[in-house]
Amino acid sequence: MMENKPFCISKWAVFSAWAQVRDNRGAAGVDGVTIEAFEKKLKNNLYRVWNRMSSGTYFPPPVRRVMIPKGDGRERPLGIPTVGDRVAQMVVKIDLERQVEPLFHPDSYGYRPKKSALEAVGKCRERCWRYDWVVDLDIKGFFDNIDHFLMMHAVRKHTDCPWMLLYIERWLKAPAEAEDGTRLERDRGTPQGGVISPLLANIFLHHVFDTWMSREHPDCPFERYADDIVIHCRTEADAQEVKRSVEQRLRQCKLEAHPEKTRIVYCRDSGRRKDHEHIQFDFLGYSFRPRSAKNRRSGKLFTSFLPAISAKAITAIVAEVRGWRIHRMSEKELEDLSRMFNPKIRGWVNYYGRYYPTTLRRAFNGLNRRLVRWAQGKYKRFRGHQRQATQWLGRVARQRPMLFGHWEIGVVT
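Reading the values: rules and limits
- Residues numbered from 1 in each chain as written.
- Predicted model: local features only at pLDDT ≥ 70, side-chain atom pairs only at ≥ 80, totals over all residues.
- Heavy atoms only, no water.
- Helix = DSSP H or I, 4+ residues; strand = E, 2+ residues; numbered from the N terminus.
- Buried < 20%, exposed > 50% of the residue type's maximum accessible area, 1.4 Å probe, protein only.
- Contact = heavy atoms within 4.5 Å.
- Areas by Shrake-Rupley, 256 points an atom, 1.4 Å probe, with all protein chains shown as cover.
- Lys, Arg positive; Asp, Glu negative; His and termini not counted.
- Charge placed at Lys NZ, Arg CZ, Asp CG, Glu CD.
- Pairing = 2+ DSSP bridges.
- Core = buried A, V, L, I, M, F, W, Y, C linked by side-chain atoms within 4.5 Å.
- Salt bridge = Lys/Arg side-chain N within 4 Å of Asp/Glu carboxyl O.
- Axes fitted to C-alpha atoms, helices over the stretch in contact; angles between N-to-C directions.
- Parallel < 35°, antiparallel > 145°, perpendicular 65-115°, else oblique.
- Left-handed = near helix turned anticlockwise from the far one by under 90°.
- Nonpolar A, V, L, I, M, F, W, Y, C, P; charged D, E, K, R; others polar.

1. Focus on the overall build of the protein chain
On a plain count of helices and strands, the protein chain comes out with 15 helices and 11 strands. Viewed in the frame of its principal axes, the protein chain has a C-alpha envelope of about 75 × 60 × 40 Å. Taken across its 413 residues, the protein chain has 50% of its residues classed as buried. Taking as baseline every contact in the protein chain between residues at least 6 positions apart, the subset at least 24 positions apart corresponds to 68%. When the accessible area of the protein chain is evaluated, it comes to approximately 21,300 Å², of which 49% is carbon and sulfur surface. For the protein chain, the distance from the average site of its 74 positive side-chain charges to the average site of its 48 negative ones is 8 Å.

Structural data, given as structure tokens:
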């Protein structure tokens, strides 16, 4: 017998949402309940989410606000919902995404099924060869400044489902709780870290930017990954006009292009030799700039405008590797270190090694030095003999390159 509820939400939808939340893992919210703790009382917890959502009485708890370091030394806020709230958000996300995904622009790559950051980097690389100029667009505090009225206006273009609209509005308004327990009310923005936030951001920018660009500047292709955007133009005059036009469009939508980070870049190479203030930009962890390349047919060197791992990404990798303190793990075997750290190393190599992989040497030389120090602490014969330890590790790397991802691409001692 079906229970009478104002909103028709199936229990299966809630269970399917839980399965995705469980697979995504993540930290506990303000209630301190982890994925494991939630699962111990799964039936009751899922029934509670379903019952409240179906009856219209579901009110999201505050999101736990934590500060995450940025590459420039500043911090950005991350909002972590409770596990139960992540399940509720996932119920809406699955349903709404099914409706909007076919409508999204092909050059919107962020947080979409069958789309990836590397795909965006590759497309940007191709277009930088064909278009001389780039507008490197940075939206100032995008997730923190989305206007709630305009956000709901965009969502209503895709659904009139009463319970979806009700809960999306409640999630937008849900307060944050700082680490000291302070309650922070929200009158704009959507928290980074929420399950529904990336989809809402894509819906918002689909209308604010993607369709607008296709209509107003159809000859200027772009790549957008969430709020990270690169626009390609044929001439400097076109780039100036597009920059001015986009800045005005953002102001109309109560957003702002970052005045220092938004800039026009010249894609300089052997065939494009104009002088310009900016000849490089960063996009999704890659730096695009003039680099040496070799002609495959003639073998001659020339300059091409190419992506490679950015200095910020290298700094982040070096800092994380330093934090592992591998050289202090003399009780471990080399195979143990491989099991502990190689999945992360391989992930870096797979992502940053796609384009101009020789630049990765700067990121992984420090890791090799720490492995040498580990060997000196592990084996008595190498203590005080750094050269011999280095030679031994080099032989191991050549014999067993699969142990560490960076060895597979030739970054050895």
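On we go from here.
2. Topic: the pairing of strand 6 (residues 222-225)
Here is the key point about a regular strand: its side chains alternate between the two faces of the sheet. The two faces of strand 6 match: Phe 222 and Arg 224 on one face and Glu 223 and Tyr 225 on the other face are all buried. Where strand 6 meets strand 7 (residues 228-233), 4 bridges bridge the pair, whose relative direction is antiparallel. Directly across from Arg 224, in strand 7, lies its bridge partner Ile 229.

3. Remarks on unusual backbone geometry
Even without a glycine there, the phi angle at Tyr 111 is positive, about 55°. Looking at where Tyr 111 falls in the secondary structure, it is placed in the loop between helix 4 (83-100) and helix 5 (117-130). Positioned with a positive phi, Lys 254 is a non-glycine residue whose angle comes to about 60°. Structurally, Lys 254 can be placed in the loop between helix 10 (236-252) and strand 8 (263-266).

4. A few points about the nonpolar core
In globular proteins that are soluble, nonpolar side chains generally tend to be buried together. Formed by 68 residues in total, the largest nonpolar core has its most connected members in Met 53, Trp 163 and Ile 231. At 10 residues, the largest contribution of residues to this core is made by helix 9 (residues 197-216). Every residue in contact with Trp 163, bar those within four places of it in the chain, is listed here: Phe 7, Cys 8, Ile 9, Met 53, Val 91, Val 92 and Asp 95. Membership of the second largest hydrophobic core comes to 54 residues, among which are Ala 120, Phe 305, Val 321 and Tyr 352.

5. Focus: the pattern of salt bridges
Scanning the model with the defined rule gives 22 salt bridges in all. Note that Lys 254 and Asp 147 form a salt bridge whose closest N and O atoms lie 3.6 Å from each other. With a gap of 107 residues between them, Lys 254 in the loop between helix 10 and strand 8 and Asp 147 in the loop between helix 6 (142-145) and helix 7 (148-156) connect regions that are remote in the sequence. Classification of Lys 254 by relative accessible area gives exposed; the value is 54%. Look at Asp 147 and you get buried, because its relative accessible area is 16%. In the salt-bridge network here, residues are joined through shared partners; they are Asp 107, Arg 127 and Glu 223.

6. Quick word on the sheet that holds strand 4 (residues 176-177)
The mixed open sheet is built from 4 strands, whose spatial order is 2-1-4-5. Of all the strands in the sheet, the pair left with one neighbour each is strand 2 (75-80) and strand 5 (183-184). In this sheet, strand 5 lies alongside strand 4 in antiparallel orientation, the contact comprising 2 bridges. Residue pairing across strands places Glu 177 opposite Arg 183, the latter belonging to strand 5.

7. Some remarks on the sheet that holds strand 7
The 4 strands lie next to each other as 6-7-3-8, forming an open sheet whose pairing is antiparallel. Here the strands that pair on one side only, and so sit at the sheet edges, are strand 6 and strand 8. Adjacent strand axes in the sheet meet at a mean angle of 20° when their direction is disregarded. Set on the sheet, helix 5 makes contact with strand 3 (133-138), strand 6 and strand 7; between it and strand 6 the angle comes to about 160°.

8. Notes on the packing of helix 3 (residues 42-55) against helix 4
Contact pair helix 3 / helix 4: the axes reach a minimum separation of 10 Å and the direction vectors enclose 55°. In this view, helix 3 runs oblique relative to helix 4, as classed from their interaxial angle. For the pair helix 3 and helix 4, the sense of crossing is right-handed. Listed contacts from helix 4 to Leu 46, Val 49 and Met 53 of helix 3 are Gly 84, Val 87, Ala 88, Val 91 and Val 92. Taken together, the residues of the contact of helix 3 with helix 4 sort by class into 7 nonpolar, 1 polar and no charged.

9. Observations regarding the environment of Arg 76
Secondary-structure assignment places Arg 76 in strand 2. You can call Arg 76 partly exposed: its relative accessible area is 30%. Considered as a pair, Arg 76 and Asp 144 are 68 residues apart in the sequence and their alpha carbons are 9.8 Å apart.

10. Remarks on the packing of helix 12 (residues 334-352) against helix 13 (residues 361-378)
Between helix 12 and helix 13, the shortest axis-to-axis distance is 13 Å and the interhelical angle comes to 180°. One element, helix 12, and the other, helix 13, form an angle in the roughly antiparallel class. The residues of helix 13 that touch helix 12, namely those facing Leu 334, Leu 337, Ile 345, Trp 348 and Val 349, are Phe 364, Leu 367, Leu 371 and Trp 374.

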